[in-house]
Structures are given as C-alpha cells and as structure tokens.
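# Structural characterization, general
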Amino acid sequence: MKKIILIVAILGLVGCSNSKKVETNSSPKMVGAYGSSKMDSMGEVALNKLVQEKKLGKNYKLIEYKKQIVAGINHKFILEINGKLQQFVVYESLNGKFTVK
C-alpha cells in the first residue's frame, strides 16, 4: 500500500513539473460588463442616433466608447459637451433598432 501511494505521489510531481504554463490576461473581463472597444460601423450609427436625438450638432467631443453585449448591444459614450463630461447609452436591439436611454 505504501508503495502505491509513493508511486502515485511521484507521478503527480512529475506530471506537475511537466505542465505548461497557461498565459492569462492581467485584467480578466467580467462577463456582461462593458468592455473597451474601437469604434465600429454600428457604434457610428449609435453615435449618430444619439447626436440626432439629443440635438448635439458638433458641440461634443467623444472621450470614450464601450460596448456591452446583452440581449442586443449597449453602446456607452462619454462625451465632453461644453467642458463637462456626460455619459449616454444607446441600445441596439437584436433586430437593429437603436434606442437612446
């Protein structure tokens, strides 16, 4: 019995020493959280809907854009308007309809 335990322990140590290291991101993403994203074509459509509905014209500067995958996509924009930061969310439904929240 002692020999079997010793053999299993040795095999366990050999197996651990030969295992490959798996690299992970330094900051794991939380499922369902907003993630930083590059502006894509659908982000542009969402931003245009926001600008049109809020009548911003050209009086804004885009500071940050993030996306959240839900039952559709939440597009979060942080804009500088008249020197103040404001946050907006535009929801893109699964059928492609955009709604400013």
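To start, this report covers the structure provided alongside it. (Residues numbered from 1 in each chain as written. Predicted model: local features only at pLDDT ≥ 70, side-chain atom pairs only at ≥ 80, totals over all residues. Heavy atoms only, no water.)

### Structural notes on the environment of I63
Inspection of the secondary structure assignment puts I63 in strand 2 (residues 61–70). Distance from I63 to Q87, taken between C-alpha atoms, is 9.8 Å for residues 24 residues apart in sequence. Each residue touching I63, except ones within four places of it in the same chain, is listed here: I78, L79, E80 and L85. (Helix = DSSP H or I, 4+ residues; strand = E, 2+ residues; numbered from the N terminus. Contact = heavy atoms within 4.5 Å.)

### Re the sheet that holds strand 5 (residues 98–100)
Hydrogen bonds between backbone atoms are what pair the strands of a sheet, whose relative direction is either parallel or antiparallel. Spatial strand order, 1-2-3-4-5: five strands in an open sheet with antiparallel pairing. Of all strands in the sheet, those bounded by a partner on one side alone are strand 1 (35–36) and strand 5. By the bridge criterion, nine bridges tie strand 3 (residues 72–81) to strand 4 (residues 84–92) in an arrangement that is antiparallel. Of the residues in strand 4, the one forming a bridge with I73 is E92. Here helix 2 (residues 41–53) sits on the sheet in contact with strand 2, strand 3, strand 4 and strand 5, set at roughly 55° to strand 3. (Pairing = 2+ DSSP bridges. Axes fitted to C-alpha atoms, helices over the stretch in contact; angles between N-to-C directions.)

### Description of the environment of L62
As for its position among the elements, L62 is in strand 2. Expressed as a C-alpha distance, the spacing of L62 and E80, which sit 18 residues apart in the sequence, is 6.5 Å. Residues contacting L62, with those up to four places away along its chain left out, are M39, F77, I78 and L79.

### Here's the deal with the side chain of N74
Positionally, N74 belongs in strand 3. Polar side-chain contacts of N74 include one of 3.3 Å to the side chain of K101. Each residue touching N74, except ones within four places of it in the same chain, is listed here: Y34, K66, K67, Q68, V89, V90, Y91 and K101. (Polar contact = N/O pair within 3.5 Å; in protein donor to acceptor, adjacent residues only side chain to side chain.)

### Thoughts on the pairing of strand 4
Connecting the antiparallel pair strand 3 and strand 4 is a turn made up of two residues, with N82 showing a positive phi of about 55°. The pairing of strand 4 with strand 5 spans three bridges and is antiparallel. Each bridged residue has a counterpart across the sheet, and for V90 the counterpart in strand 5 is V100. Linking strand 4 back to strand 5 in an antiparallel pair, the connection comprises five residues, with G96 at a positive phi of about 90°.

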